[in-house]
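Commentary on secondary and tertiary structure
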Amino acid sequence: KSLSNRILLLSALSSGTTRVTNLLASDDTSYMLSALRQLGVRLRMLSDTECEVEGVGGPIPVPDGVQLLNLGNAGTAMRPLAAA
């Protein structure tokens, strides 16, 4: 789950479209996907274990009105998002 969340975040920070394969289907990964969507990152699930991420080309801008990201107990999502 840690590797899946790291590649999702790095894909979101990069420029262009990244195709991510072999994502782990887990609660932590689901929380990361949801948080990135809430922050305005475009994601398209191609299957349960594959998605395309449209990178923002730098720091992820926080849209107006976003006050709370529900990350459950997903430390592998919370720590990298807080650092980004």
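Residues numbered from 1 in each chain as written. Predicted model: local features only at pLDDT ≥ 70, side-chain atom pairs only at ≥ 80, totals over all residues. Heavy atoms only, no water.

1. Overview of the environment of Tyr 31
With respect to the element layout, Tyr 31 can be found in helix α2 (residues 27-38). A sequence separation of 38 residues divides Tyr 31 from Leu 69, and the C-alpha atoms of the two residues are 8.9 Å apart. Excluding residues that lie within four positions of it along the chain, Tyr 31 makes contacts with Asn 70, Leu 71, Gly 72 and Ala 74. (Helix = DSSP H or I, 4+ residues; strand = E, 2+ residues; numbered from the N terminus. Contact = heavy atoms within 4.5 Å.)

2. Notes on the pairing of strand β3 (residues 50-56)
Residues in a regular strand point their side chains to alternate faces of the sheet. Of the two faces of β3, only the one carrying Cys 51, Val 53 and Gly 55 is buried; Glu 50, Glu 52, Glu 54 and Val 56 on the other face are not. Pairing geometry for strand β1 (residues 15-20) and β3, over six bridges, is antiparallel. Note that in β3 the partner of Thr 17 across the bridge is Glu 54. Bridge analysis of strand β2 (residues 42-47) against β3 gives five bridges, and the strand direction is antiparallel. Its bridge partner being in β3, Arg 42 is matched across the sheet by Glu 54. (Buried < 20%, exposed > 50% of the residue type's maximum accessible area, 1.4 Å probe, protein only. Pairing = 2+ DSSP bridges.)

3. Overview of the nonpolar core
Leu 8, Leu 36, Val 53 and Leu 81 are the most contacted members of the largest nonpolar core, which has 19 residues in total. Contributing elements (two or more residues each) for this core: α1 (2-13), α2, β3 and α3 (75-83). Ranked by residue count, the leading element in this core is α2, at four residues. Apart from the residues lying within four places of it in its own chain, the contact partners of Leu 81 are Leu 9, Met 32, Ala 35, Leu 36, Leu 39 and Leu 71. (Core = buried A, V, L, I, M, F, W, Y, C linked by side-chain atoms within 4.5 Å.)

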